[in-house]
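# A structural walkthrough
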Amino acid sequence: MVKIRSSEITPEHVFLSRREFLKSTGLLASGSLLLAACGGVSVPASSTTEDEMQPEASGAVDELGDSANSYVDITNFNNFYEFTTDKTAVVDLVGNFRTSPWQVEVGGLVHNPKVYDIDDLLGFVQEERVYRLRCVEGWSMVIPWNGFPLARLLEDVEPMADAKYVRFETLYDPDQMPGQKSPWYVWPYVEGLRLDEAMHKLTLMATGLYGKTLPAQNGAPIRLVVPWKYGFKSIKSIVKIDLVSEQPTSLWMAAAPNEYGFYANVNPEVPHPRWSQATERRIGELGRRQTLLFNGYADEVAPLYPDMSPSLFF
Ligand SMILES: Nc1nc2c(c(=O)[nH]1)N[C@H]1C(S)=C(S)[C@@H](COP(=O)(O)O)O[C@H]1N2
Ligand SMILES: [Mo]
């Protein structure tokens, strides 16, 4: 598995720990140096060999020609704060997570509210989508998901005319998800999309990866994938989906409103308040690559955003 020095990644949660520390030491103003110091620094040799980095299903590439990350990479380096904020330890904590039975309740402003068993959702025609995932922390992967367009599910429940947004909720079960005992966040994890974003053909409900059942650490049994937005929008282990008239408040908006907004569309020219978004570290690669507008999906999604207002990019 690819070893990543923690100094190369700025965790989304540092504002709750390191930030308080920096404030108290008067170092906050130079906080951006934390990441800047990592750029261009050579990466020490690790035990990873080229062989280990080959994707498991050979030939999985995204539409830009980039190879998929390996199954090992994708399942051993995760953000799933319900378990832990330590990306390399999530995999060790999900062993007893129960993903069956599982139901997803879809309601709110719809004509046809329904409670779906996971098997009902696996009954939607499943496709493979090889997508880039760009975390706001500055790392990325290419992941071959299996799943179905969220649009199919929304069509099934028939949104009402006044439904403007979709609100998603992760399971709340602190006994199974020890991270939910952390007082720093308002649980459960919540995310949201505008209805037209949710209906977009790229917006996926993922139920698997590499043709296998979705691993718990990647959001089993079903999670959202919105490839042109920062990874935190792609909410895991969903139990509830509501069509609503007002813009939902996500977990990250509530935790740090000055750092995380509703849209979170990827834009290399709009820095996070504490670090640049111009480049990213593709897991498994040395050095950094340029981040692309809308994470490389501008041709598909630009029509959603005719005004390109700054509020779309944080
Ligand atoms: N419920 C929930 N969903 C979540 C997260 C989380 O902590 N909890 N982390 C998000 C973040 S920050 C990222 S980058 C992606 C990571 O997905 P992966 O672990 O499958 O690569 O999941 C997102 N979805
Ligand atoms: Mo992330």
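Whatever comes next refers back to the structure up there.
Report follows, based on the coordinates. If you're wondering where the values come from, they're calculated on a predicted model, not measured in any experiment.

### What about the nonpolar core?
- Membership of the largest hydrophobic core comes to 87 residues, with the highest contact counts inside it found for Leu121, Trp145, Leu153, Phe168, Leu224, Trp228 and Ile241.
- Broken down by element, the residue count for this core peaks at six residues, all from strand β4 (residues 139-149).
- Those residues within four positions of Leu121 in sequence are excluded, and the remaining contacts are Val104, Tyr116, Gln126, Phe148, Leu153 and Ile222.

### Concerning the site of ligand 1
- Around ligand 1 sit 18 residues, and of these Glu12, Tyr81, Glu82, Ser234 and Lys236 come closest.
- Residue Asn78 places a side-chain N or O atom 2.9 Å away from an oxygen atom belonging to ligand 1.
- Within the side chain of Arg223, a nitrogen or oxygen atom sits 3.0 Å from an oxygen atom of ligand 1.
- When ligand 1 is considered free in solution it has 540 Å² of accessible area, and contact with the protein chains removes 100% of it.
- One can see that ligand 1 is located within the largest cavity.
- For the shell around ligand 1, the per-class residue count stands at eight nonpolar, six polar and four charged.

### Overview of empty space enclosed by the protein
- The final tally for this structure, using the stated rule, is three cavities of 30 Å³ or more.
- When its volume is computed, the largest cavity comes out at roughly 310 Å³.
- Forming the boundary of the largest cavity are 24 residues, of which Asn79, Arg223, Gly231, Ser234 and Lys236 lie nearest the centre.
- Residues belonging to the lining of the largest cavity are distributed by class as follows: 14 nonpolar, six polar and four charged.
- Quantified by volume, the second largest cavity comes out at close to 90 Å³.
- Taken together, 13 residues form the lining of the second largest cavity, with Val136, Tyr230, Glu259, Phe313 and Phe314 sitting closest to its centre.

### Side note on the packing of aromatic side chains
- Using the criterion set out here, one finds 20 aromatic pairs in the structure.
- Ring geometry for Phe77 and Trp139: centres 5.0 Å apart, planes at 80 degrees, overall edge-to-face. Taken together, the positions of Phe77 in the loop between α3 (71-76) and α4 (90-93) and Trp139 in strand β4 put the pair 62 residues apart, joining distant regions of the chain.
- Overall, Phe77 belongs to the buried group, its relative accessible area being 6%.
- Ring geometry for Phe262 versus Tyr263: centroids 5.2 Å apart, planes at 90 degrees, classification edge-to-face.
- Using a relative accessible area of 11% as the deciding quantity, one classes Tyr263 as buried.
- An aromatic cluster is present here, built from Tyr81, Tyr185, Trp187, Phe232, Trp252 and Tyr260 joined pairwise through their rings.
- Stacked on the ring of Tyr297, the Lys or Arg Arg132 has its end atom at 4.2 Å from the ring centre.

### Overview of the sheet that holds strand β10 (residues 238-244)
- Taken in spatial order, the five strands of this open sheet run β2-β1-β10-β5-β6, and their pairing is mixed. Since the sheet does not close on itself, it has two edges, and those belong to β2 (114-117) and β6 (190-194), each with one partner. Averaged over all adjacent pairs, the angle separating strand axes in this sheet is 15 degrees, with direction ignored.
- Both strand β1 (residues 103-108) and β10 contribute to a ladder of four bridges, which runs parallel. Paired with Glu105 across the bridge in β10 is Lys240.

### A short note on the pairing of β6
- Taken across its five residues, β6 has five buried, putting it largely inside the fold.
- Neither face of β6 is left uncovered, since the one carrying Val190, Gly192 and Arg194 and the one carrying Glu191 and Leu193 both have all their residues buried.
- With five bridges connecting them, strand β5 (residues 165-170) and β6 associate as antiparallel partners. When the sheet's bridge partners are listed, Arg167 is paired in β6 with Gly192.

### Brief notes about the pattern of salt bridges
- Counted by the stated rule, this structure contains 17 salt bridges.
- When the shortest N-O distance is used, the salt bridge between Glu169 and Arg167 registers 2.7 Å.
- Since its relative accessible area comes to 16%, Glu169 is described here as buried.
- Between Glu285 and Arg289 there is a salt bridge; the shortest N-O distance is 2.6 Å.
- Judged by relative accessible area, Arg289 falls into the partly exposed class, the value being 25%.
- Members of the salt-bridge network, linked through shared partners, are Asp66, Arg134, Glu280, Arg282, Glu285 and Arg289.

Reading the values: the criteria
Residues numbered from 1 in each chain as written. Chains lettered and ligands numbered in written order. Predicted model: local features only at pLDDT ≥ 70, side-chain atom pairs only at ≥ 80, totals over all residues. Heavy atoms only, no water. Core = buried A, V, L, I, M, F, W, Y, C linked by side-chain atoms within 4.5 Å. Buried < 20%, exposed > 50% of the residue type's maximum accessible area, 1.4 Å probe, protein only. Helix = DSSP H or I, 4+ residues; strand = E, 2+ residues; numbered from the N terminus. Contact = heavy atoms within 4.5 Å. Near = heavy atom within 4 Å. Polar contact = N/O pair within 3.5 Å; in protein donor to acceptor, adjacent residues only side chain to side chain. Areas by Shrake-Rupley, 256 points an atom, 1.4 Å probe, with all protein chains shown as cover. 1 Å grid on protein atoms, 1.4 Å probe; cavity = no way out; pocket = protein on both sides within 12 Å on 5 of 7 lines; lining within 4 Å. Sits in = over half its atoms within 2 Å of the grid points. Nonpolar A, V, L, I, M, F, W, Y, C, P; charged D, E, K, R; others polar. Points joined across faces, edges and corners; volume = space filled by probe spheres on them. Phe/Tyr/Trp six-rings, centres within 6.5 Å; stacked < 30°, edge-to-face > 60°. Lys NZ or Arg CZ within 6 Å of the ring centre and 35° of its normal. Pairing = 2+ DSSP bridges. Axes fitted to C-alpha atoms, helices over the stretch in contact; angles between N-to-C directions. Salt bridge = Lys/Arg side-chain N within 4 Å of Asp/Glu carboxyl O.

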